[in-house]
Amino acid sequence: MIQEDLFWFSMEEALEMILVFAENGRIIFANTAAKQQLEYGDELRGTHIGEIFPNTFHNAEEGFETSLGFDLTLQELMAYRKNRTCFAVRAKVIADPKNRGQYMCLAEDISQKEFLEKSLIQVKQESEDALKVKSEFVANVTHELRTPVNGILGNTRELLEYETDERKLRNLQLIEHGCRDMHNIINNILDFSKLEAGKFLLEPQKFHFRSMIDYVKGNHQNKIIEKGLEFFVTISPTVPEFVIADELRIVQILNNLLSNASKFTSVGRIALEVVKTAQVQNRAELFFFVIDSGIGIDKADQDKLFKSFSQVDASISRKFGGTGLGLNISKQLVELMGGQIGVQSQKGKGSTFSFSIWVELPEEELGHVTENVSQTVVESMLQSVQNNADDGNAWEYGTEENISELEKKLSKLVLSVEMENWEKAEMFVDGIKQLTENAPKEVKNAVLKMKMAIQKENYEKATAAFEVFQTMLHESTDTIK
Ligand code: ADP
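Residues numbered from 1 in each chain as written. Predicted model: local features only at pLDDT ≥ 70, side-chain atom pairs only at ≥ 80, totals over all residues. Heavy atoms only, no water.

Colleague: Would you mind going over the overall build of the chain in detail, with residue names and values included?
Modeller: Counting secondary structure elements, the chain contains 15 helices and 14 strands. Out of the 481 residues in the chain, the part that is buried amounts to 40%. Expressed as a percentage of contacts within the chain between residues at least 6 apart in sequence, the contacts between residues at least 24 apart total 62%. Looking at the chain as shown, the accessible area adds up to about 27600 Å², and 52% of this sits on carbon and sulfur atoms. (Helix = DSSP H or I, 4+ residues; strand = E, 2+ residues; numbered from the N terminus. Buried < 20%, exposed > 50% of the residue type's maximum accessible area, 1.4 Å probe, protein only. Contact = heavy atoms within 4.5 Å. Areas by Shrake-Rupley, 256 points an atom, 1.4 Å probe, with all protein chains shown as cover.)

Encoded structure:
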């Protein structure tokens, strides 16, 4: 008995509507949910099922007619309330296997759900449309901006050729520098908005791979060496001579990674390495590594790096500039070329950015052995990079190597201050700061004093601070000997 009570109780209180009707089409049981949602009272019992579902059940002499199959399939039906307004339900109508000529309809109101789904689709569509309009607008504006900037840049360069007056020359150089920066930012925004709007097309062409790398090397060599850093470029012999790919875009990614590497490194070295990791018929996978011994990136910040407009540290960005778009653009370009980009880094020790791309091989490259270098090469390279990064003693304060590096940086620093090139001076003092990270407190204080004097562009204070620091260096050199 208890079981039967329980059965009726659950039928009565179920959240979905339950209607049981007989062969003659008359409802013989309707639960609370059905009465409430259909806005009927007890008279629902005895009502013809065709009143509730007029599009599905028709009143007929023998009872009802319907094309509905009485199985477990879910159907979408329109249910009519007593006041003849209607709403959509998802329903199952089954024939009672125990009582012949008795049917049960279980129905759930989906009008609210459908409404929400429709609104969600509409909102999504609207936001996508808005994003597209915004991207197109940004693309148009930046395109328009590029023309005048190019004009100013061209004219300034022409004036630079003939100008002899020192002060005017300096002003023109500043204008040229500013325009170049602006030009780069505009190009970045243009690429970014094109990529976002899905309007970006790669332009693959055959080119000589090593010449492209030489070109990239030439773009960065002077700046890196000027900073007193070492620069290594290695291309594995298995990398093909000619490839078919979008050369400009590969250059763009490498320029971005190498500019960042030199921007954020003030001591040590920067390396660019390329290996071929796989070949499948006329397609090859190339792996690039850009390794630096710079300021590094916290683990927590590494994931944010490739998101648009993301810069790790606002104070760093103020000092080094940049829009935070470079790595996001690089990521999107790498993915368009069928590859992936990632970073391994340790704060204070350096970073390794690596990315893969797939390129096509022209006819003449296909005769070469087709080998699959697979992940092992990449893994061993990453391992060696990791070992380098883990080698925390590389710049341990007081070692012979460290002191000689400090002396080199200090003499460059003195020279920059003599020439009142404060920007460069700050770069060298940052190098010294990194080299003295683990030094005793008094040494670190001396470096801080040099840095403060340089930031204030105070010649006297800076030279006084150099002397204090130099004496400290000589003292440590004496202890080594
Ligand atoms: P930006 O144009 O601002 O440099 P990027 O997307 O190229 O934009 O870089 C985003 C941020 O990632 C930088 O502002 C910096 O904080 C960090 N970053 C990138 N490369 C390095 C690196 N080699 N070493 C340390 N930090 C880096």
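Colleague: If you had to explain the environment of N187 to someone new, which residues and values would you point to?
Modeller: Here N187 lies in helix α5 (residues 166-196). Separated by 48 residues in the primary sequence, N187 and A139 place their C-alpha atoms 9.8 Å from one another.

Colleague: Any chance you could break down helix α7 (residues 247-263) for me, citing the residues and the numbers?
Modeller: Relative to the 24 Å expected for 17 residues at 1.5 Å per residue, α7 spans 24 Å between its end C-alpha atoms, a close match to the ideal helical length. Of all 17 residues in α7, twelve are buried, a share of seventy percent or more. By the burial criterion, the buried members of α7 are R249, I250, V251, Q252, I253, L254, N256, L257, L258, N260, A261 and S262. (Expected span 1.5 Å × (residues − 1).)

Colleague: Now, about the pattern of salt bridges: what can you tell me, with residues and values included?
Modeller: A side chain of one charge can pair with a side chain of the opposite charge when the charged atoms of the two come close. Here the structure, examined in full by the defined rule, presents 17 salt bridges. Its salt-bridge partner being E108, residue K113 comes within 3.9 Å of it at the nearest N-O pair. For K113, a relative accessible area of 40% gives the class partly exposed. A salt bridge links K424 to E226; the shortest N-O distance between them is 3.2 Å. Remark: E226 occurs in helix α6 (residues 209-226) and K424 occurs in helix α13 (residues 422-435); sequence separation between them is 198 residues. For E226, a relative accessible area of 42% corresponds to the partly exposed category. Three or more residues are tied together by salt bridges with common partners; here these are R157, E176 and R180. (Salt bridge = Lys/Arg side-chain N within 4 Å of Asp/Glu carboxyl O.)

Colleague: Describe in detail the sheet that holds strand β5 (residues 75-80), supporting the description with residues and values.
Modeller: Think of a sheet as strands paired side by side through backbone hydrogen bonds, with each pair either parallel or antiparallel. The antiparallel open sheet is built from five strands, whose spatial order is β2-β1-β7-β6-β5. Each edge of the open sheet is held by one strand with a lone partner, namely β2 (27-30) and β5. Between one strand axis and the next, the sheet turns by 35 degrees as a mean value, whatever way the strands run. Pairing analysis gives six bridges linking strand β1 (residues 17-22) to strand β7 (residues 102-109), with the strands arranged antiparallel. Along β7, the bridge assignment pairs A22 with Q102. The sheet contacts of helix α4 (residues 111-162) involve β5, β6 (86-95) and β7, and relative to β6 the element is tilted by about 125 degrees. (Pairing = 2+ DSSP bridges. Axes fitted to C-alpha atoms, helices over the stretch in contact; angles between N-to-C directions.)

Colleague: Give a detailed account of the environment of M427, specifying residues and quantitative values.
Modeller: Relative to the assigned elements, M427 resides in helix α13. M427 gets classed as partly exposed once you look at its relative accessible area, which sits at 21%. Between the alpha carbons of M427 and F264 there is a distance of 9.9 Å; along the sequence they are 163 residues apart. Filtering out sequence-adjacent residues up to four positions away, M427 remains in contact with E226, K227 and S266.

Colleague: Account for the side chain of Q434, naming residues and giving values.
Modeller: If you trace the backbone, Q434 turns up in helix α13. Here Q434 falls in the buried class, since its relative accessible area comes to 12%. Once residues lying within four places of it in the same chain are set aside, the contact partners of Q434 are S266, V267, S293, G294 and G348.

Colleague: Tell me about the nonpolar core, and please be specific about residues and values.
Modeller: Grouped together as the largest cluster of nonpolar side chains are 44 residues, with contacts concentrated most on F209, M212, I250, L254, F288 and F355. Here this core takes seven residues from α7, the largest share from any one element. If we skip the residues at most four places from it in the chain, L254 touches M212, I213, V216, L272, F288, V290 and F355. Counting residues in hydrophobic clusters, the runner-up holds 26 residues, among them A425, V429, I432 and L473. (Core = buried A, V, L, I, M, F, W, Y, C linked by side-chain atoms within 4.5 Å.)

Colleague: Tell me about the environment of R249, and name the residues and values.
Modeller: Here R249 shows up in helix α7. Accessibility expressed as a relative area gives 18% for R249, which makes it buried. For the pair R249 and P204, spaced 45 residues apart in sequence, the C-alpha separation works out to 9.5 Å. When sequence neighbours within four positions are dropped, the list of residues in contact with R249 reads D191, F200, L202, L333 and M337. Within the local environment of R249, its side chain forms a polar contact with the side chain of Q252, the two groups lying 2.4 Å apart. (Polar contact = N/O pair within 3.5 Å; in protein donor to acceptor, adjacent residues only side chain to side chain.)

Colleague: Run through the packing of α6 against α7, naming residues and quoting values.
Modeller: Packed helices, taken two at a time, are described by their axes: the angle between them and the distance between them. Running from N to C, α6 and α7 cross one another at 20 degrees; their axes reach a closest spacing of 10 Å. Considering their axes alone, α6 and α7 lie roughly parallel with respect to each other. Once α6 is placed against α7, the crossing between them reads as right-handed. On α7, the residues touching M212, I213, Y215, V216, N219, H220, K223 and I224 of α6 are E247, I250, V251, L254, N255, L258, S259 and S262. (Parallel < 35°, antiparallel > 145°, perpendicular 65-115°, else oblique. Left-handed = near helix turned anticlockwise from the far one by under 90°.)

Colleague: Please provide a residue-by-residue account of the packing of α13 against helix α14 (residues 441-455), values included.
Modeller: Where α13 contacts α14, the two axes come as close as 10 Å, and the packing angle between them is 165 degrees. Taken together, the axes of α13 and α14 lie roughly antiparallel to each other. Along this stretch, α13 crosses α14, giving a crossing that reads as left-handed. For the pair formed by α13 and α14, the contact residues are W422, A425, E426, V429, D430, I432 and K433 on the first element and V447, M450, K451, I454 and Q455 on the second.

Colleague: So, α5: which residues are in play, and what are the values?
Modeller: For α5, which comprises 31 residues, the first-to-last C-alpha distance of 45 Å matches the rise-based estimate of 45 Å (1.5 Å per residue) to within 8%. Of all the residues in α5, the buried ones are L172, E176, C179, H183, I186, L190, D191, F192, S193 and L195. At the N-terminal end of α5, a side-chain oxygen is found 3.1 Å from the backbone nitrogen of R167, two or three residues along, and the residue is D165. Residue G198 follows α5 closely and has a positive phi angle near 70 degrees.

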